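Secondary and tertiary structure notes
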Amino acid sequence: MSEAQLERATTALYEDDGIRGDLTDDEAQILLGWGEARLTEMATYDLPDGQYDVWCAKLRQLLAAVNRFVAARDELMSGDEARMARELHGLVEQIGYNISPTALDDLFQEQISLDHQTAINKLLALFQLSVDETDGG
């Protein structure tokens, strides 16, 4: 994995409207900063460029899902929460992270009283790198 590859991935992250489209700049910056840190972290594993590109696309999908959840959480119906939880759980696992379903359910119960920035921070804090998962899924 080259430095140019990391730079392209970072540029793609910041240019992805799906990650920041429904959030204020301050809220989006939390997601973008977390994503950029994950890009840099994954670069240390020296993956082949193609594998790194796939992992980066999955990371952008996850961050876009977080954006959608946070932006729409006031309007989520009970069935929507379960669907969103499954989507987030699946995307988290695809990038080699874990998330406790119980912790995610707890956050969904609490999230209605949280402002967007706090909800983003609490959700991202639930994502834990899998020790054995350095291949990005």
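Analysis parameters
- Residues numbered from 1 in each chain as written.
- Predicted model: local features only at pLDDT ≥ 70, side-chain atom pairs only at ≥ 80, totals over all residues.
- Heavy atoms only, no water.
- Helix = DSSP H or I, 4+ residues; strand = E, 2+ residues; numbered from the N terminus.
- Rg over C-alpha atoms; globule rule 2.2 N^0.38 Å.
- Buried < 20%, exposed > 50% of the residue type's maximum accessible area, 1.4 Å probe, protein only.
- Contact = heavy atoms within 4.5 Å.
- Lys, Arg positive; Asp, Glu negative; His and termini not counted.
- Charge placed at Lys NZ, Arg CZ, Asp CG, Glu CD.
- Core = buried A, V, L, I, M, F, W, Y, C linked by side-chain atoms within 4.5 Å.

**A short note on the overall build of the chain**
The secondary structure content of the chain amounts to 7 helices and 2 strands. Listed by position from the N terminus, the elements making up the chain come as α-α-α-α-α-β-α-α-β. Since a compact globule built from 137 residues should have a radius of gyration of about 14 Å, the 15 Å found for the chain is in line with a globular shape. The principal-axis extent of the C-alpha atoms belonging to the chain is close to 45 × 30 × 20 Å. Counting the 137 residues in the chain, one finds 40% classified as buried. Within the chain, contacts between residues separated by at least 24 positions form 72% of all contacts whose residues are at least 6 apart in sequence. Here the chain carries 10 positive and 27 negative side-chain charges, and the mean point of each set is 3 Å from the other.

**Observations regarding the environment of Trp-55**
Tracing the backbone through its elements, the reader meets Trp-55 in helix 4 (residues 49-72). Accessibility expressed as a relative area gives 0% for Trp-55, which makes it buried. For the pair Trp-55 and Leu-124, spaced 69 residues apart in sequence, the C-alpha to C-alpha distance is 17 Å.

**Observations concerning the nonpolar core**
If you look at the biggest cluster of nonpolar residues, it comprises 41 residues, and the most contacted ones within it are Leu-39, Tyr-52, Leu-62, Leu-88 and Phe-127. Among the elements that make up this core, the one with the highest residue count is helix 4 (10 residues). Every residue in contact with Leu-62, bar those within four places of it in the chain, is listed here: Trp-34, Leu-88, Leu-91, Val-92, Ile-95 and Phe-127.

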